[in-house]
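Here is what each chain is made of, one letter per residue.
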Amino acid sequence: ESEIKDEVFLETINSILSTGEVPGLFTKDEMMAMTADLQQDFLRDRPGQEDTPDNLKQYFTDCVRDNLHIMLCMSPLNPKFPLRAHKFPSLVSSPTVDWFLPWPEDALVSVARGVIHDFPLECTPETKVALMSHMGMVHKMATDVCDEYHRSMRRQVYQ
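Everything numeric here is computed off the predicted structure, so don't read it as measured data. Position labels on residues start from 1 in each chain and follow its written sequence. Restriction of local features to residues with pLDDT of at least 70 applies here, the model being predicted, together with a cutoff of 80 or more for giving and counting side-chain atom pairs; totals for whole chains, interfaces and linings are based on all residues. Side-chain descriptors were evaluated using all non-hydrogen atoms of the structure, hydrogens and water having been removed beforehand.

Undergrad: Lay out the pattern of salt bridges in plain terms, naming residues and giving numbers.
TA: A side-chain nitrogen of Lys or Arg and a carboxyl oxygen of Asp or Glu constitute a salt bridge if their distance falls within 4 Å. Per the counting criterion, the structure on display carries eight salt bridges. The partner of Glu7 in a salt bridge is Arg84, with the nearest N and O atoms 3.1 Å apart. With a gap of 77 residues between them, Glu7 in the segment before helix H1 (8-19) and Arg84 in helix H5 (residues 81-87) connect regions that are remote in the sequence. Each residue gets one of three labels from its accessible area relative to the maximum for its type: buried under 20%, exposed over 50%, partly exposed in between, using a 1.4 Å probe on protein chains only. Take Glu7: its relative accessible area is 26%, and that puts it in the partly exposed class. Arg84 sits in the buried class, given a relative accessible area of 3%. Going along the chain from the N terminus, every DSSP run of H or I of four or more residues is numbered as a helix, and every run of E of two or more is numbered as a strand.

Undergrad: Report on the packing of aromatic side chains, specifying residues and quantitative values.
TA: Aromatic contacts are taken between Phe, Tyr and Trp rings whose centres are within 6.5 Å, Trp giving its six-membered ring; a plane angle under 30 degrees counts as stacked, one over 60 as edge-to-face, and the others as tilted. On inspection of all chains with the given rule, the structure shows two aromatic pairs. Relative to Phe60, the ring of Phe26 has its centre 5.9 Å away and its plane inclined at 75°; by these criteria the two rings are edge-to-face. Here Phe26, found in the loop between H1 and helix H2 (28-37), pairs with Phe60, found in helix H4 (residues 53-67); they are 34 residues apart in sequence, far enough to count as distant. For Phe60, a relative accessible area of 15% translates into the label buried. For the pair Phe42 and Tyr59, a centre-to-centre distance of 5.6 Å together with 80° between the ring planes defines the contact as edge-to-face. Linking Phe42 in helix H3 (residues 39-45) with Tyr59 in helix H4, this pair joins segments that are 17 residues apart in sequence. Neither Phe42 nor Tyr59 differs from the other in exposure class; each is buried.

Undergrad: Tell me about the confidence of the model for the chain, residues and numbers included.
TA: With 95% of its residues at a pLDDT of at least 70, the chain reaches an overall mean of 86. A residue's pLDDT is the confidence the predictor assigns to it, expressed on a 0 to 100 scale. Taken element by element, the chain is modelled with least confidence in helix H6 (residues 90-93), mean pLDDT 84, and with most confidence in H3, mean pLDDT 93.

Undergrad: Tell me what's going on with the nonpolar core, and back it up with residues and numbers.
TA: Only buried residues count toward a nonpolar core, which is a set of Ala, Val, Leu, Ile, Met, Phe, Trp, Tyr and Cys residues joined through side-chain atoms within 4.5 Å. Met31, Leu38, Phe42, Leu56, Tyr59 and Phe60 together form the largest nonpolar core, which totals six residues. Tallying contributions element by element places H4 first for this core, with three residues. Those residues in contact with Leu38 that lie beyond four places of it in its chain are Tyr59 and Phe60. Listed in part, the five residues of the second largest apolar core include Ile4, Leu10, Ile13 and Phe88. Here a residue-residue contact requires only that any non-hydrogen atoms of the pair lie within 4.5 Å.

In structure tokens:
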């Protein structure tokens with residue numbers, strides 16, 4: 001996330017996630033050359049469809065979308081995160097979110113604190129602190145229950 005120097009990069013990623021293509025990435029000649037190379041695969045994979053330039057281009061886009069994997073790491077605590085999520089909705093709605101390691105409860109409470117600290121709530125400061133702690137604790141409890149379910153039922157649950 002700290003490597004994002006220009007938000008045009010996020011616009012490109014958003015386009016890839018939402019449509020599978022980047023407008024203007026290839027010239028018409030380049031696209032025709034690539035789709036011509038895919039013609040035999042197209043005819044094999046999509047029998048009954050005509051090998052028109054539009055169908056070949058869609059086949060190319062589908063192949064890219066099915067085989068392209070993107071890893072983008074962003075922190076919800078970054079003040080730019082909500083703005084970027086609003087400007088580039090596919091960054092949040094299209095990908096699969098992976099938590100690679102379990103988070104300790106104090107880290108979860110820290111995230112809750114970062115989100116709620118300046119959020120106006122009609123409550124006492126003590127209640128607000130308790131809410132932040134509660135949010136981290138509930139997330140940790142949910143993770144623990146998912147782990148217990150996996151151990152006993154041999155079925156993975158993703159939260």
